[in-house]
Amino acid sequence: MVTSVAPRVESLSSSGIQSIPKEYVRPQEELNSIGNIFEEEKKEEGPQVPTIDLRDIDSDDEAVREKCREELKKAAVEWGVMHLVNHGISDDLLQRVKKAGKEFFDLPVEEKEKHANEQELGKIQGYGSKLANNASGQLEWEDYFFHLVYPEVKRDMSIWPKIPTDYIEATSEYARQLRSLASKVFSILSLGLGLEEGRLEKEVGGLEELLLQMKINYYPICPQPELALGVEAHTDVSALTFILHNMVPGLQLFYQGKWVTAKCVPNSIIMHIGDTIEILSNRKYKSILHRGLVNKEKVRISWAVFCEPPKEKIILKPLPEVVSEEEPAIFPPRTFAQHIEHKLFRKTQDALDAK
């Protein structure tokens, strides 16, 4: 049986269509909340995603250091998402990563197809688009490039683009620096739960086993952005997710019952708390529901790096130190693979129930 592959969204976008295929149109209950992303980003009223300045994260002055760490912890408790500034990764490196990713997506579709993944065979690394294999048959307005970027010994370099020439070097260096930043964040989050500094990092696999997977999301111009989503509403399964973008708005967070649009903060890295940390902390830290909007004026590109525990080796469950009689465990013990399966099953059931 031959699986029909949906055309690349980029090809649809550049074909000159005025209306999008029905598979990309969201259900009516979702359409009510999809607005113009540029108008949404301008809004100043209401809650705003917190910006956390990490300049003093390692300050010699204990009071200054604690204030910085407390602000990060507060954002993890209240929001589960934040803009990180002064994060220690140079603007020059961030620009190189973005330039290389954009240049890859600027290549002709035929050239990118040489890197195509084979989702039906379980080969998820490479260039792809979402397949309509979920119960609702819905598609998202994006193409992507997905690959493991750290630890370096676990990378499959045959998948990595050779063009542009700086792609491998810039992306590898970014992954190394991001891994160090992740360690600092794990430390702060551990201390915030009253745990030893290295505890959360150990619980998610440590230096050997924690995987960093990069997904470059490419959202082409959409002729009917009020009907589509670049990425549908979801929480990340990861421990942490770090996101760069090309300063085109699109990310929305579901906060206190409303969709809040993230502003574009120059030289920042957006960080999400993922399900894995939410589970280990027994929901003291939040994994927030979020989605991506598209627009008819500008291509949006984002670089998401998911820090994930190994699929089978670790049992994820609330740590004993964060559980009590008053606050019993909210989550049952599961491996990371079982957690992903559980989410997929629930999503399938919800889609079937909606029919």
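Owing to the predicted nature of the structure, the values given are computational and were not obtained by experimental measurement.

(A) Here's a closer look at the sheet that holds strand S9 (residues 258-261). Reading across the sheet, the 4 strands line up as S6-S11-S8-S9 and stay open at both edges, with antiparallel pairing between neighbours. With one partner strand each, in any of the chains shown, strand S6 (231-234) and S9 form the two edges of the open sheet. Neighbour-to-neighbour, the strand axes of the sheet open up by a mean angle of 20 degrees, direction not taken into account. Strand direction decides the pairing type here: strand S8 (residues 251-255) and S9, joined by 4 bridges, are antiparallel. In the sheet register, tyrosine 255 faces S9, and the bridge partner there is lysine 258.

(B) Quick look at the pairing of strand S7 (residues 240-245). Most of S7 is tucked away, with 6 of its 6 residues classed as buried. Inspection of the sheet shows S7 paired to strand S10 (residues 269-273) by 4 bridges, in the antiparallel sense. Bridging across to S10, isoleucine 243 finds its partner in isoleucine 270. Pairing geometry for S7 and strand S12 (residues 300-308), over 6 bridges, is antiparallel. Opposite histidine 245, over in S12, you have serine 302 as the bridge partner.

(C) Seen up close, the sheet that holds S12. On the basis of which strands lie adjacent, the open sheet formed by 8 strands has the order S1-S2-S10-S7-S12-S5-S4-S3 and mixed pairing. Each edge of the open sheet is held by one strand with a lone partner, namely strand S1 (51-53) and strand S3 (126-129). Pairwise comparison of adjacent strand axes, ignoring direction, gives a mean angle of 25 degrees for this sheet. Of the strands in this sheet, S3, strand S4 (143-150), strand S5 (211-219), S7, S10 and S12 touch helix H5 (residues 91-106), which is tilted by about 115 degrees from S12.

(D) Structural detail: the packing of H5 against helix H7 (residues 167-192). Their axes nearest at 9 Å, the elements H5 and H7 cross at an angle of 135 degrees. As judged from the angle between their axes, H5 and H7 are oblique. At the point where H5 passes H7, the crossing takes the left-handed sense. Contacts between H5 and H7 involve Leu93, Leu94, Arg96, Val97, Ala100 and Gly101 from the first element and Tyr167, Glu169, Ala170, Glu173, Tyr174 and Gln177 from the second.

(E) View of the nonpolar core. Among the nonpolar cores identified, the biggest contains 65 residues, and Tyr174, Leu189, Leu240 and Phe242 are the most heavily contacted of them. The element best represented in this core is H7, accounting for 11 residues. Beyond its immediate sequence surroundings of up to four residues, phenylalanine 242 is in contact with Leu84, Leu178, Leu181, Ala182, Ile269, Ile270, Met271, Trp303, Ala304, Val305 and Cys307. Among the nonpolar cores identified, the runner-up in size contains 13 residues, and Val49, Trp79, Leu253 and Ile288 belong to it.

(F) View of the packing of aromatic side chains. Following the criterion strictly, the structure yields 10 aromatic pairs and no others. Judged by centre distance (6.4 Å) and plane angle (80 degrees), the ring pair of phenylalanine 145 and tyrosine 167 falls under edge-to-face. Residue phenylalanine 145 is located in strand S4, and its partner tyrosine 167 is located in helix H7; the two are separated by 22 residues in the primary sequence. The same class applies to phenylalanine 145 as to tyrosine 167, namely buried. With a centroid separation of 6.1 Å and 80 degrees between ring planes, the pair formed by tryptophan 160 and tyrosine 167 is classed as edge-to-face. On the basis of relative accessible area, tryptophan 160 is assigned to the buried category, the value being 0%. Its relative accessible area of 1% is what places tyrosine 167 among the buried residues. Members of the aromatic cluster, each reached through a chain of ring pairs, are Phe104, Phe105, Tyr127, Phe145, Trp160, Tyr167 and Tyr218. Over the ring of tryptophan 160 we find arginine 155, and its NZ or CZ is 5.2 Å from the ring centre. Against the face of tryptophan 259 rests arginine 291, its NZ or CZ located 4.1 Å from the ring centre.

Reading the values: rules and limits
- Residues numbered from 1 in each chain as written.
- Predicted model: local features only at pLDDT ≥ 70, side-chain atom pairs only at ≥ 80, totals over all residues.
- Heavy atoms only, no water.
- Pairing = 2+ DSSP bridges.
- Helix = DSSP H or I, 4+ residues; strand = E, 2+ residues; numbered from the N terminus.
- Axes fitted to C-alpha atoms, helices over the stretch in contact; angles between N-to-C directions.
- Buried < 20%, exposed > 50% of the residue type's maximum accessible area, 1.4 Å probe, protein only.
- Contact = heavy atoms within 4.5 Å.
- Parallel < 35°, antiparallel > 145°, perpendicular 65-115°, else oblique.
- Left-handed = near helix turned anticlockwise from the far one by under 90°.
- Core = buried A, V, L, I, M, F, W, Y, C linked by side-chain atoms within 4.5 Å.
- Phe/Tyr/Trp six-rings, centres within 6.5 Å; stacked < 30°, edge-to-face > 60°.
- Lys NZ or Arg CZ within 6 Å of the ring centre and 35° of its normal.

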